[in-house]
Amino acid sequence: MEIKAPTPQIPPAVWTEFKDLQEWEKYRQERPEGDKHSALFESLTEGIHHFPGGFVVTSAADAFLNWARKSSVWPVTFGLACCAIEMMATFASRFDVERLGMVPWASPRHSDLMIVSGTVSIKMAPMLKRIYDQMPDPKWAVSMGSCANSGGPFRHGYHVVKGVDRVIPVDVYVPGCPPPPESLLNGLLLLQEQITYFRRTGRRAAPTEKVD
Amino acid sequence: MSHDQARARIQERFGVAAEGGGPLLIVSVAPDRWVELATFARDSLGCLYFNFLTAVDWKEQGLEVVTRVENLDVGLALVMKTRLGPGETGCPSLQPLYEGADWMERECYDMFGIRFAGHHDLRRILLPQDWEGHPLLKSYAVDTPHPPYR
């Protein structure tokens, strides 16, 4: 039987149509160092730091700023899979992350932390990166669960990103499948400890280059 | 109509004995009688409920399309199969007959690369539109790199 194979009309991928994402990529490439303060602020703080005795002021200011950052980490609610249930349990009254200063917020533009909770598929990865790019600096990311850490049980599937650190830089990895709320709380406390030692320049790590 | 009568009518019309026991009928036909069998199942046997459509990759022997339709009033289930032959990817579409076949055939095209002739909107349904390859084929390597995220 002769059937002519149709050629399906393939529309362009959705995320290529957004202009601002491309603008943002260009902006990021122009600033490879990550987020820095303005040059004037930079030279001013450097001057104070190298003035005799001035380091007391700058390090005290650093400590204060990092304390402020640590005490109000707002995670964007980004639930992808079953880990999101545990994340919601962590946000809810029994475990109550609000006592740590964390308010689950439904907008990336007001958030400092992204908890990637669940399997990241290749189709979802550009959207995840887009949401991450919408968050203002300084920002952090927690990879929650085996799937987000390494692909987990779906690592040898055809459609799963083998670890979310191929898409965005990750600060804390929480193991487990899924991690219980205690585990995630431990990860969030570790993150707060990291933020305490956050550098003044705000320089961030690049996504891990992985080969397998 | 009981399933024995349905069996007899299929034997009479298509010349194949239905496999399966009781109210489950399994009928294999050639691809050029595929639409005819589906029309017969819908109009004569009253199988109005389209259960699923999928495919099986038999490697060198080619692909096989499997469909199950049911007559819920008398409890009759008809599993229809067709072998496309080695290297064939063309198959007539059931979408004009059954509305339920629409997304099923799109998924089947997405996963197995079967081109359903006569389908009104044959696009990928689950994977991104720029995906290369059809993942549920046995010849598809699961670790195929897919830039930029793999």
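All figures in this text were calculated on a predicted structure; none of them were measured in a lab.

### Topic: the packing of helix 1 (residues 3–14) of chain B against helix 2 (residues 34–43) of chain B
Residues and elements named next belong to chain B.
Okay, so step 1: One can describe the packing of helix 1 onto helix 2 by two numbers: an axis separation of 12 Å at closest approach and a directional angle of 145°. Remark: the crossing between helix 1 and helix 2 carries right-handed chirality. For the pair helix 1 and helix 2, contact is made by R9, I10, R13 and F14 and by E36, L37 and F40, respectively.
Okay, so step 2: Of the residues contributing to the contact of helix 1 with helix 2, the split by class is 4 nonpolar, no polar and 3 charged.

### Structural notes on the sheet that holds strand 4 (residues 76–85) of chain B
Residues and elements named next belong to chain B.
Okay, so step 1: Spatial strand order, 1-4-3-2: 4 strands in an open sheet with mixed pairing. Across the chains shown, the open sheet's two edge strands, defined by having one partner strand only, are strand 1 (24–29) and strand 2 (49–57). Strand-to-strand twist of the sheet, defined as the mean angle between neighbouring strand axes without regard to direction, takes the value 20°.
Okay, so step 2: Pairing of strand 2 with strand 3 (residues 63–71) involves 8 bridges; the strand directions are antiparallel. Along strand 3, the bridge assignment pairs L53 with T67.
Okay, so step 3: Packing against the sheet, helix 1 makes contact with strand 1 and strand 4, and its axis sits at approximately 10° to strand 1.
Okay, so step 4: Contacts from helix 2 reach strand 1, strand 3 and strand 4, with the element oriented near 175° to strand 4.

### Let's talk about the packing of helix 4 (residues 83–91) of chain A against helix 7 (residues 181–196) of chain A
Residues and elements named next belong to chain A.
Okay, so step 1: Following both chains from N to C, one finds helix 4 and helix 7 inclined at 70°, their axes separated by 9 Å at the closest point. In terms of orientation, helix 4 and helix 7 fall into the roughly perpendicular class. Packed against helix 4, whose contacting residues are E86, M87, A89 and T90, the element helix 7 presents P181, L184 and L185 at the interface.
Okay, so step 2: Looking at the contact of helix 4 with helix 7, its residues break down into 5 nonpolar, 1 polar and 1 charged.

### Some points on the environment of A:H156
Okay, so step 1: Within the fold, A:H156 resides in the loop between helix 6 (145–150) and strand 4 (172–174).
Okay, so step 2: Residues A:H156 and A:V116 lie 40 residues apart in sequence; the distance between their C-alpha atoms is 20 Å.
Okay, so step 3: Setting aside chain neighbours within four positions, we find A:H156 in contact with B:V142 and B:D143.

### Let's talk about the sheet that holds strand 1 (residues 75–76) of chain A
Residue and element names in this part refer to chain A.
Okay, so step 1: Spatially, the 4 strands line up as an open sheet ordered 1-2-3-4, and their pairing is parallel. The open sheet terminates on both sides in strands that have one partner only, identified here as strand 1 and strand 4.
Okay, so step 2: Sheet contacts for helix 4: strand 1, strand 2 (113–117) and strand 3 (140–144); angle to strand 2, the most-contacted strand, approximately 135°.

### Quick word on the pairing of strand 2 of chain A
Residues and elements named next belong to chain A.
Okay, so step 1: Burial within strand 2 is extensive, with 5 of its 5 residues counted as buried.
Okay, so step 2: Residues L113, I115 and S117 line one face of strand 2 and the alternating positions M114 and V116 line the opposite face, and both faces are buried.
Okay, so step 3: Bridging between strand 1 and strand 2 involves 2 bridges; their strand directions are parallel. The partner of V76 across the bridge, within strand 2, is M114.
Okay, so step 4: Sheet topology places strand 2 next to strand 3; 5 bridges connect them, and they run parallel. Across the sheet, the residue bridging to S117 is M144, located in strand 3.

### A closer look at the nonpolar core
Okay, so step 1: Among the nonpolar cores identified, the biggest contains 57 residues, and B:L78 and B:I114 are the most heavily contacted of them.
Okay, so step 2: Beyond its immediate chain neighbours, meaning those up to four positions away, B:L78 contacts B:I10, B:L25, B:V27, B:A41, B:L45, B:C47, B:T67, B:R68 and B:V69.
Okay, so step 3: Core analysis: the next-biggest nonpolar cluster, separate from the first, contains 20 residues, A:V73, A:F95, A:I115 and A:L185 among them.

### Focus on the confidence of the model for chain A
Okay, so step 1: On average, residues of chain A score 78 in pLDDT, and 75% of them reach the 70 mark or higher.
Okay, so step 2: Scored below 50 in pLDDT, residues 201–208 of chain A shows 20 contacts in the model against residues more than four places distant or in partner chains.

Cut-offs applied
- Residues numbered from 1 in each chain as written.
- Chains lettered and ligands numbered in written order.
- Predicted model: local features only at pLDDT ≥ 70, side-chain atom pairs only at ≥ 80, totals over all residues.
- Heavy atoms only, no water.
- Axes fitted to C-alpha atoms, helices over the stretch in contact; angles between N-to-C directions.
- Helix = DSSP H or I, 4+ residues; strand = E, 2+ residues; numbered from the N terminus.
- Left-handed = near helix turned anticlockwise from the far one by under 90°.
- Contact = heavy atoms within 4.5 Å.
- Nonpolar A, V, L, I, M, F, W, Y, C, P; charged D, E, K, R; others polar.
- Pairing = 2+ DSSP bridges.
- Parallel < 35°, antiparallel > 145°, perpendicular 65-115°, else oblique.
- Buried < 20%, exposed > 50% of the residue type's maximum accessible area, 1.4 Å probe, protein only.
- Core = buried A, V, L, I, M, F, W, Y, C linked by side-chain atoms within 4.5 Å.
- pLDDT = per-residue confidence, 0-100.

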